[in-house]
Amino acid sequence: MKNYILILMALSLFSCTSKQKKVSEWRGENRSGIYAETNLLKEWPKDGPNLLWDAEGVGNGYGSPVITDNNIYLNGEMDSIAYLIAMDLEGKMLWKTEFGKDWMKNFIGSRSAPTVVDSLVYVASGLGDVACIHAETGELKWKINMLEKFEGKNTRFGYSQSLLVDGDLVFAAPGGKEKNIIALDRFTGETKWINSGVGEIPAYCSPLLIEYPTRNILVTFSEHALLAVESQTGKTLWTHQQDTTKGDVNGNTPIFENGYLYYVTGCGNGTVKLKLEDEGAKITEVWRNEELDNIMGGVVKLNGKIIASAHRKKSWKSVDVETGKTRDTLKFGRGSSIAADGMLYCYNERGQVGLVEVSPEKMELVSQFKITKGTKEHFAQPVIANGVLYIRHGDALMAYDIKKKKLIK
């Protein structure tokens, strides 16, 4: 009986200590842009899916919303102030919390998504403010400024990074010669490690976390290099240099699957497949496709293809993951890409939203509609949660019902 009680205590302790964090973040699970939704519409009505609600007054910005079980969180700029805004799932604003100053030089407004971990939200502004805010109350728990504390070097379009969390650490990229990437204690804001990277300004990239049995690695871009860093120690594992003559706008989170890392960059560096070995310590370039170049619209791996919109050619392209060859081109302008339930969702810079079927050979536009509410450029990336498609267009957030209806017998 005594041994039985000890076993029960051990199981109870294990279940408590191994509890998984509830994380809602940029581009969904693994930041892949693939939303684990099912039973979604495969075709929309002529005027688009049903608009459930729209909410104006969320502030200027291009950052996507993040959806939890009960709330919606997004960053917005109002009168140069950076705010985290919390809403319920019907679009009613619950509270807004000021956490710094936002970008006002060009493309004014927020340029990142919040990261929600259990009861805490992590945010970053275009002027380098990094903060932790309570998810229920909106209470500011701590904040730092990367320009002031770490002598950060901002970009020409402002810091554009959605923060990443691993364990008790939250990561950001101030940029500069010495303090290029940082890890902070996510509960206190205390500095835990600093990595010099290759001494460049940051890219516009939100980092990716790759988990191995003995370590996790953080992968992100600086201005002209892809970097891999041990998440808990800050040790650099490798750097992958870009052609500095072909532009510096690297705004897409890489994709990792089955031992391979895929990334899409803008201005000519194109799309690359890397093989990772030795738990992320070694890389080998497998192929490179310079036709598909995208600066910030996101990329998805769907049905054996890497898909994104080409920046220079202004059309969507699919690239075979095995050969690196371009498989198909879809003329739909250029913009953002996500996927769910086997379908591709495209939101272009003209404000058109397209539903695309991706077969082994081609991409076919099935349905489309036009966004008519909101302000400024159509840059924010769509989000899908619980059968709802969320589109942020500047000062407005819209929610569309894309769930298939159950037949009543």
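Residues numbered from 1 in each chain as written. Predicted model: local features only at pLDDT ≥ 70, side-chain atom pairs only at ≥ 80, totals over all residues. Heavy atoms only, no water.

Glancing now at the overall build of the protein chain. In terms of regular secondary structure, the protein chain is built from 2 helices and 34 strands. Here the protein chain has a C-alpha radius of gyration of 21 Å; the compact-globule value for 409 residues is 22 Å, and the two agree. Along the longest, intermediate and shortest principal axes, the C-alpha atoms of the protein chain span 60 × 55 × 55 Å. Every one of the 409 residues in the protein chain was classed for burial, and the buried ones make up 60%. Within the protein chain, contacts between residues separated by at least 24 positions form 53% of all contacts whose residues are at least 6 apart in sequence. A total of about 17600 Å² of accessible surface is found on the protein chain, and carbon and sulfur atoms cover 51% of it. Taking the average place of the 50 positive charges on the side chains of the protein chain and the average place of its 50 negative ones, the gap between the two points comes to 2 Å. (Helix = DSSP H or I, 4+ residues; strand = E, 2+ residues; numbered from the N terminus. Rg over C-alpha atoms; globule rule 2.2 N^0.38 Å. Buried < 20%, exposed > 50% of the residue type's maximum accessible area, 1.4 Å probe, protein only. Contact = heavy atoms within 4.5 Å. Areas by Shrake-Rupley, 256 points an atom, 1.4 Å probe, with all protein chains shown as cover. Lys, Arg positive; Asp, Glu negative; His and termini not counted. Charge placed at Lys NZ, Arg CZ, Asp CG, Glu CD.)

This brings us to the environment of Leu 397. Mapped onto the elements of the fold, Leu 397 is located in strand 34 (residues 396-401). For the pair Leu 397 and Phe 332, spaced 65 residues apart in sequence, the C-alpha to C-alpha distance is 23 Å. Those residues in contact with Leu 397 that sit more than four places away from it in its chain are Trp 53, Asp 54, Ala 55, Val 58, Pro 65, Ile 72, Met 87, Tyr 390, Ile 391 and Arg 392.

This part is about the sheet that holds strand 16 (residues 208-211). Read from one edge to the other, the open sheet built from 4 strands follows the order 16-17-18-19, with strand pairing classed as antiparallel. In this open sheet, the two strands that pair with only one neighbour each are strand 16 and strand 19 (236-241). The average undirected angle you get between the axes of adjacent strands in this sheet is 20°. By the bridge criterion, 4 bridges tie strand 16 to strand 17 (residues 216-221) in an arrangement that is antiparallel. Pairing of Leu 209 across the sheet is with Leu 218, part of strand 17. (Pairing = 2+ DSSP bridges. Axes fitted to C-alpha atoms, helices over the stretch in contact; angles between N-to-C directions.)

Moving on, we get to the environment of Gly 175. Take Gly 175: it is sitting in the loop between strand 13 (169-172) and strand 14 (181-185). By relative accessible area, Gly 175 is classed as buried at 1%. Taking the C-alpha atoms as reference, Gly 175 lies 8.2 Å from Glu 151; in sequence the two are 24 residues apart. Residue contacts for Gly 175: discarding those within four places in its chain leaves Glu 151, Gly 152, Lys 153, Asn 180, Glu 200, Ile 201 and Pro 202.

It is worth spelling out the packing of aromatic side chains at this point. Under the defined criterion, the tally for this structure stands at 13 aromatic pairs. Note on Tyr 73 and Trp 95: the rings are 6.2 Å apart at their centroids and 55° apart in plane angle, and the pair reads as tilted. With Tyr 73 in strand 5 (residues 71-78) and Trp 95 in strand 7 (residues 93-101), the pair connects residues that are 22 residues apart, well separated along the chain. According to the relative accessible area criterion, Trp 95 is buried, its value standing at 13%. (Phe/Tyr/Trp six-rings, centres within 6.5 Å; stacked < 30°, edge-to-face > 60°.)

Looking now at the sheet that holds strand 4 (residues 66-67). Across the sheet, 4 strands lie side by side as 4-5-6-7; this open sheet has antiparallel pairing. Every other strand in the sheet has two partners, leaving strand 4 and strand 7 as the edge strands with one partner each. Pairing of strand 5 with strand 6 (residues 81-88) involves 8 bridges; the strand directions are antiparallel. Note on strand 6: the bridge partner recorded for Asn 71 is Asp 88.

Turning to the side chain of Lys 273, a few remarks are in order. Assignment of secondary structure puts Lys 273 in strand 22 (residues 271-277). Of the side chains with opposite charge, Glu 322 comes closest to the buried, unpaired Lys 273, at an N-O distance of 4.3 Å. Residues in contact with Lys 273, not counting those within four places in the same chain, are Tyr 260, Leu 261, Tyr 262, Thr 284, Glu 285, Val 286, Trp 287, Val 321 and Glu 322. (Salt bridge = Lys/Arg side-chain N within 4 Å of Asp/Glu carboxyl O.)

Any two side chains of opposite charge can pair if their charged atoms end up close together. As enumerated under the stated definition, the model contains 14 salt bridges in all. For the salt bridge of Lys 22 with Asp 69, the shortest nitrogen-to-oxygen distance reads 3.9 Å. Placement of the pair is Lys 22 in the loop between helix 1 (2-17) and strand 1 (23-24) and Asp 69 in the loop between strand 4 and strand 5, with a sequence separation of 47 residues. By relative accessible area, which is 47% here, Lys 22 ends up partly exposed.

Even without being glycine, Glu 279 reaches a positive phi, approximately 50°. Phi at Lys 314 takes a positive value of approximately 55°, unusual for a residue other than glycine. Topologically, Lys 314 is positioned in the loop between strand 25 (305-310) and strand 26 (315-320).

Now for the pairing of strand 6. Here strand 6 lies mainly inside the structure; 8 of its 8 residues are buried. Burial of the side chains of strand 6 extends over both faces: Ile 81, Tyr 83, Ile 85 and Met 87 are buried on one face and Ala 82, Leu 84, Ala 86 and Asp 88 on the other. As consecutive antiparallel partners, strand 5 and strand 6 are separated by 2 residues, and within that stretch Asp 79 has a phi angle of approximately 55°, a positive value. Examined bridge by bridge, strand 6 and strand 7 share 7 bridges and lie antiparallel to one another. By the bridge assignment, Ile 85 is partnered in strand 7 with Lys 96. The turn joining strand 6 and strand 7, which pair antiparallel and follow one another in sequence, is formed by 4 residues; a positive phi near 90° is taken by Gly 91.

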